[in-house]
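Breakdown of the fold
Chain residues, written in single-letter form:
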Amino acid sequence: MEFTIKTASPERFRTGLLILGAFVGAPLPATSRAVDEASQGRLSRLVSDGELGDKAGATVLLHGLAGVAADRVLLVSFGKADSFGDKSWRDAFAAIGKALTTTVAKDAAIALDEAEIPPGRDAVWALRQASRIVADGAYLFEPASAEKKHKKKRGPNKVAFIVPAAVDETQEEALRQGRAIAEGMALAKDLGNLGANVCTPAHLADTARGLGRQYKFEVEILARDDMEKLGMGAFLAVARGARQEPRFIVMHYHGGKPGKGKGGKAKSPPVALVGKGITFDAGGISLKPGAEMDEMKYDMCGGASVIGLFKAIAAMALPLDVIGIVPAAENMPGGNASRPGDVVRSLSGQTIEILNTDAEGRLILCDALTYAERFKPACVIDIATLTGACIVALGKIPSGLFANDDELAEALTQCGIDAGDRVWRLPLWEEYQDLLKSNFADMANIGGRNGGAITAAAFLSRFASAYKWAHLDIAGTAWLSGEAKGSTGRPLPLLAEFLLARAAARKHY
Ligand code: BES
Ligand code: MN
Ligand code: ZN
């Protein structure tokens, strides 16, 4: 799907499908009004007759409107005018994205009116979000086994955004960014949706290496013996039950310009992102029950979001330095697997008593967090499908957020709102640390039944004291179950927004 941006009169714009907005309880926005007038009031009559649903995202398709150049017109409801905001705007654009996947039109145009931008937002925001939502809506998982002839095309090749005012460079850029983010999400979704027989730690490593080759960034892959030499005892304790060899993936993206420090060469410190890459979580010796165990192929979605994000930032040529770390392994039972009661030494030197081998995410992440110290990062964000308890606490709407720094937590919270990929902060108080006491090591890897998302974060915090750190528990947000089963690509929109905001702020230095 290719996006362009145009200044034009919508009624005279030649396209297979012209998409226009309308509110309930307010006059038509100027752009839609122009088409309404050209067609002798067809649109306004339709709205006043109540034919267009009240709910944002309701649509009506009209064919061959007299006086209008487009073959078809799709009228989309932005909901009630007095409650118009981000949510109704997103619902409307999700509906537009969906409509574009089913239309037979060869090309389409979306007319954006000033009145259709939510309060407090601007055209650049709208274009970045809209292009991302529309491009993401066209995502379709196509397993490698699907034959070419079964490959369905989704939507028109060309989609134009018609804007009222003159087009400027920042709007063009916003459009490209939205699309790049959607492409990063598509990669993250593909990796999540693939079965664990295909999406192995080696497959994640190959994917990262391929991206590095394509976009010219450095990718380092550590194998088991490298990790043994380093002393990653916690990570290796998880990997030892599986036949699949573990990989420790490190991506280096250098988009930041060398700073003007005293020596003339001072570089600004990178942002480090750490993503959990458990390609299948059977639980290990603390075996999981069978129901829905297939969903544990999604346990690498944190890692996939980091790999997808690298595709997006490289495509956007983001002017920042970013390090991506993905510890990748399978958590399987086996003759060589770790047992409950085993004590292991982490890369940090702290010892851990493994009381439950199913609490494996924190074991691979703790060594990755220690490894991240070597990059002297400005901040570290880890992303992990870490606990079922987080889903119990927050449901599947926000990701859980924990942080040892208020400013970082607030920045992530705001970016989540801006990107429509929200987080909700949970506490990391000292008192929770007591729950991790062990008689045989510095700490246990579980903290009992209560507050499971928090004790998991409390465990991680012991390995993240050298820098500003945030932890995103995406167990509830990384995939959908049931009929709509599949990867969501979250929290890639949030992370991209965070990095873009950071890069924009740095421009002023
Ligand atoms: N990958 C799971 C967390 C998970 C569970 C994500 C269900 C999404 C849906 C994680 O490795 C795990 O097994 N966590 C345990 C921790 C417990 C043993 C302390 C959990 O949440 O039950
Ligand atoms: Mn587990
Ligand atoms: Zn897991």
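Let me sum up the structure you'll find in this document. (Residues numbered from 1 in each chain as written. Chains lettered and ligands numbered in written order. Predicted model: local features only at pLDDT ≥ 70, side-chain atom pairs only at ≥ 80, totals over all residues. Heavy atoms only, no water.)

Considerations on the coordination of the manganese ion (ligand 2)
What counts here: Coordination partners: N, O, S within 2.8 Å of the metal, 3.2 Å for Na, K and Ca; water not considered, so apparent gaps in a site are possible. Only two sets of limits are used to name each site, 85 to 135 degrees for every angle of a tetrahedral four-donor site, and over 155 degrees for opposite donors with all other angles from 65 to 115 for a square planar four-donor or octahedral six-donor site, with any other site named irregular. Exposed residues in this analysis have more than 50% of their type's maximum accessible area, buried residues have under 20%, and partly exposed residues fall in between, with area computed by a 1.4 Å probe over protein chains only.
Distances from the manganese ion (ligand 2) to its protein donors, Asp-281 (OD), Asp-358 (O), Asp-358 (OD) and Glu-360 (OE), fall at 2.1 to 2.2 Å. Because the angles between the six donor atoms bound to the manganese ion (ligand 2) fall within 70 to 169 degrees, the donor set is best described as irregular. Spacing between the donor residues of the manganese ion (ligand 2) along the chain follows D-x76-D-x1-E. The distance between the manganese ion (ligand 2) and the zinc ion (ligand 3) is 3.2 Å, with Asp-281 acting as a donor to both metals. A residue is classified by how much of its surface remains accessible, and Asp-358, at 22% relative accessible area, is partly exposed. A relative accessible area of 1% means that Glu-360 is categorised as buried.

Side note on the site of ligand 1
The condition is simple: Only heavy atoms are used to decide nearness, and a residue is near a molecule or strand if one of them lies within 4 Å of it. Each polar contact in these results corresponds to two N or O atoms within 3.5 Å; when the atoms are within protein, one needs to be able to donate a hydrogen and the other to accept it, and residues that are neighboring in sequence are counted only if both atoms are side-chain atoms. Note that accessible areas follow from Shrake-Rupley with a 1.4 Å probe, and for residues the cover is restricted to the protein chains shown. Definitions used throughout: a 1 Å grid over protein atoms alone; a cavity as a set of points that fits a 1.4 Å probe which cannot get out; a pocket as an open set with protein on both sides within 12 Å along at least five of seven lines; a lining residue as one with an atom within 4 Å of a point. Think of it this way: if more than half of a molecule's atoms are within 2 Å of a pocket's grid points, that molecule is in the pocket or cavity. Three residue categories are used. Nonpolar comprises Ala, Val, Leu, Ile, Met, Phe, Trp, Tyr, Cys and Pro, charged comprises Asp, Glu, Lys and Arg, and polar comprises the others, including Gly.
As a structural note, the neighbourhood of ligand 1 is formed by 17 residues, with Lys-288, Asp-299, Asp-358, Glu-360 and Gly-388 the closest of them. Contacts to ligand 1 include Asp-281, whose side-chain N or O atom sits 2.9 Å from an oxygen atom. Separating an oxygen atom of ligand 1 from a side-chain N or O atom of Asp-358 is a distance of 2.9 Å. In isolation ligand 1 exposes 520 Å². Once the protein is present, 77% of that is buried. Cavity membership is defined here by more than half of the atoms lying within 2 Å of grid points; on that basis ligand 1 lies in the second largest pocket. Across the shell around ligand 1, the residue classes tally to six nonpolar, four polar and seven charged.

A word on the coordination of the zinc ion (ligand 3)
Those protein atoms acting as donors to the zinc ion (ligand 3) are Lys-276 (NZ), Asp-281 (OD), Asp-299 (OD) and Glu-360 (OE), and they sit at 2.0 to 2.4 Å. For the zinc ion (ligand 3), the six donor atoms are set out with angles of 79 to 175 degrees between them, so the coordination reads as octahedral. Spacing between the donor residues of the zinc ion (ligand 3) along the chain follows K-x4-D-x17-D-x60-E.

Comments concerning the packing of helix H5 (residues 169-193) against helix H9 (residues 301-316)
Keep this limit in mind: Geometry is summarised by axes, namely lines fitted to C-alpha atoms with helices restricted to the contacting stretch, and by angles between N-to-C directions that run from 0 to 180 degrees. Segments assigned H or I by DSSP are reported as helices when at least four residues long, segments assigned E as strands when at least two residues long, and all are numbered from the N terminus. With respect to orientation, any angle under 35 degrees is reported as roughly parallel, any angle over 145 as roughly antiparallel, any angle of 65 to 115 as roughly perpendicular, and every other angle as oblique. The sense of a crossing depends on the near helix, which, turned anticlockwise from the far helix by less than a right angle, makes the crossing left-handed and, turned clockwise, makes it right-handed. Note on definitions: a residue-residue contact is assigned when non-hydrogen atoms from the two residues lie within 4.5 Å.
At a closest axis distance of 8 Å, the pairing of H5 and H9 adopts a crossing angle of 150 degrees. Looking at the two axes, H5 sits roughly antiparallel to H9. When the axes of H5 and H9 are compared, the crossing they make is right-handed. Here Gln-177, Ala-180, Ile-181, Glu-183, Gly-184, Leu-187, Ala-188, Leu-191 and Gly-192 of H5 come into contact with H9, specifically with Cys-301, Ala-304, Ser-305, Ile-307, Gly-308, Lys-311, Ala-312, Ala-315 and Met-316. In terms of residue class, the contact of H5 with H9 is made up of 11 nonpolar, five polar and two charged.

Concerning the pattern of salt bridges
Rules: Salt bridge, as applied in this entry: a Lys or Arg side-chain nitrogen positioned within 4 Å of an Asp or Glu carboxyl oxygen.
Under the counting rule described, the total for this entry stands at 17 salt bridges. The salt bridge involving Lys-87 is made with Asp-91; its shortest N-O contact spans 2.7 Å. Here Lys-87 and its partner Asp-91 are both found in helix H3 (residues 86-102), four residues apart, which amounts to about one turn of the helix. Salt bridges sharing partners connect three or more residues here, namely Asp-86, Arg-121 and Asp-418.

Here we look at the packing of aromatic side chains
Applied cut-off: What counts as a ring pair is set by centres within 6.5 Å for rings of Phe, Tyr and Trp (its six-membered ring), and what kind of pair is set by the plane angle: stacked under 30 degrees, edge-to-face over 60, tilted for all other angles. Charge over a ring is defined by NZ of Lys or CZ of Arg lying within 6 Å of the ring centre and within 35 degrees of the ring normal.
Summed over all chains, the structure comprises 14 aromatic pairs. When the centroid spacing of 4.9 Å and the interplanar angle of 70 degrees are considered together, the rings of Phe-248 and Tyr-371 count as edge-to-face. With Phe-248 in strand S8 (residues 247-254) and Tyr-371 in helix H10 (residues 361-372), the pair connects residues that are 123 residues apart, well separated along the chain. The exposure classification of Phe-248 matches that of Tyr-371, with both residues buried. One residue, Arg-374, lies across the ring of Tyr-371, its end atom 3.9 Å from the ring centre. Directly above the ring of Trp-479 sits Lys-396, whose terminal nitrogen or CZ lies 5.7 Å from the centroid.

Side note on a negative patch on the surface
Note the following rule: Every patch collects residues that have over 30% relative accessible area and no salt bridge, joining them within 9 Å if they carry like charges and within 5 Å if they are nonpolar side chains (Val, Leu, Ile, Met, Phe, Trp, Tyr). Only four residue types enter the tally: Lys and Arg on the positive side, Asp and Glu on the negative side, with His and both chain ends excluded. Just so you know, the charge point we use is NZ for Lys, CZ for Arg, CG for Asp and CD for Glu.
Taken together, the side chains of Asp-168, Glu-169, Glu-172 and Glu-173 define an acidic patch exposed on the protein surface. Tracing the chain through its elements places Glu-172 in helix H5.

Description of the pairing of strand S4 (residues 72-80)
Convention followed: When DSSP finds at least two bridges between two strands, those strands are taken to pair.
Most of S4 is tucked away, with eight of its nine residues classed as buried. Of the pairings in the sheet, the one linking strand S2 (residues 17-24) to S4 comprises seven bridges and is parallel in character. Bridged to Val-24 within S4 is Lys-80. Relative to S4, strand S3 (residues 59-63) runs antiparallel, the two sharing five bridges. Considered in S4, the bridge of Leu-62 is made with Val-73.

A word on helix H6 (residues 201-215)
Selection criterion: How far a helix is expected to stretch is found by multiplying one less than its residue total by 1.5 Å. As used here, the arc is the angular range of directions from the helix axis to the C-beta atoms.
End to end, H6 covers 21 Å across 15 residues, agreeing with the expected 21 Å (1.5 Å per residue, within 8%). The complete set of buried residues in H6 reads Pro-201, Leu-204, Ala-205, Thr-207, Ala-208, Leu-211 and Gly-212. Down the axis of H6, the buried set is contained in an arc of 160 degrees. They therefore lie on one face. Seen from the buried face of H6, the exposed residues on the opposite side, beyond 90 degrees, are Arg-213 and Gln-214. On its buried face, H6 sits against H5, strand S7 (218-222), S8, strand S10 (277-281), H9 and strand S11 (321-331). After H6 finishes, the residue Lys-216 shows a positive phi value of roughly 60 degrees.

Honestly, that's just the spatial picture; any functional story needs more than this.
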